[in-house]
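Summary of structural features
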Amino acid sequence: IDEQQEPLSLQELYRKVSPSITVVAAKTGSGVSYGTGVILDENGYLLTNAHTVRDALRLEVTLSDGSNCTAAFVGMDSDSDLAVLKISAQNLTAAEFASADGLAAGDEVVVLSNLFGKSLPGTMTEATVAAVNEDVAIGGLSLRVLQISASGLSGDCGGVVVNYSGQVVGIGI
């Protein structure tokens, strides 16, 4: 947490961050895969998990107000499991991002995700940082991994890890 900011209550945190959280629907030849996205900027760029959109024939994003947008695939990095999409929409609320550098085991965070796609969007789960592992080698890359304890999260949905100042500090896989 940024030492200059007072921690938000859970309700304040949800009100601040939830407008930036989206449901990502990736339609493939065999069905639909749902994931969580987070709006990067007001121009419509958003971040999601690469495994959610990898084989998509069509991408649709549902915003927090319930409106739907077709998304264009911009690019992905499979090693870090991140993908960038672009939507055309007005009045977008970009998330605030922060470094995870100050986080340590025992710190509290929350995860906002879409456990069951459009059926249960905007789920918030309290979690504790279990470990911060730097320089984990994955696929020849050195990644910083933030391990959290959060019950009930599906491996398909990803999730946006947020500190108590309402800043995104990680993306779940």
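Structure's up top.
Residues numbered from 1 in each chain as written. Predicted model: local features only at pLDDT ≥ 70, side-chain atom pairs only at ≥ 80, totals over all residues. Heavy atoms only, no water.

**Quick look at the sheet that holds strand β2 (residues 31-39)**
The six strands lie next to each other as β1-β2-β3-β6-β5-β4, forming a closed barrel whose pairing is antiparallel. Pairwise comparison of adjacent strand axes, ignoring direction, gives a mean angle of 40 degrees for this sheet. Where strand β1 (residues 21-28) meets β2, eight bridges bridge the pair, whose relative direction is antiparallel. Note on β2: the bridge partner recorded for I21 is V38. (Pairing = 2+ DSSP bridges. Helix = DSSP H or I, 4+ residues; strand = E, 2+ residues; numbered from the N terminus. Axes fitted to C-alpha atoms, helices over the stretch in contact; angles between N-to-C directions.)

**Notes on the environment of V160**
With respect to the helices and strands, the residue V160 is situated in strand β11 (residues 159-162). Sequence spacing of V160 and I171 is eleven residues, and the spatial spacing of their C-alpha atoms is 4.8 Å. Leaving out residues up to four positions away in the same chain, V160 has contacts with I21, T36, G37, V38, V110, V111, L112, V168, G170 and I171. (Contact = heavy atoms within 4.5 Å.)

**As for the pairing of strand β4 (residues 58-62)**
The buried count for β4 comes to four of five residues, which makes it a mostly enclosed element. Bridge count between β4 and strand β5 (residues 68-77): four bridges; the pairing is antiparallel. Within the sheet, the bridge partner assigned to E60 lies in β5 and is T70. Count of turn residues in the β4/β5 antiparallel hairpin: five residues, of which G66 carries a positive phi of about 95 degrees. (Buried < 20%, exposed > 50% of the residue type's maximum accessible area, 1.4 Å probe, protein only.)

**Observations concerning the environment of T125**
Summarising the element assignment, T125 is placed in strand β9 (residues 123-138). Residue classification places T125 among the buried residues on the basis of a relative accessible area of 12%. Residues T125 and V111, spaced 14 residues apart in sequence, show a C-alpha to C-alpha distance of 5.2 Å.

**Here we look at the side chain of N49**
Examined against the element boundaries, N49 turns out to sit in strand β3 (residues 45-49). Of note is the side chain of N49, whose polar atom sits 3.4 Å from the side chain of D81. (Polar contact = N/O pair within 3.5 Å; in protein donor to acceptor, adjacent residues only side chain to side chain.)

**Some details on the environment of K16**
Positionally, K16 belongs in helix α1 (residues 10-17). Look at K16 and you get partly exposed, because its relative accessible area is 33%. Non-local contacts of K16, meaning those with residues more than four positions away in its chain, are made with L8, E96, S165 and G166.

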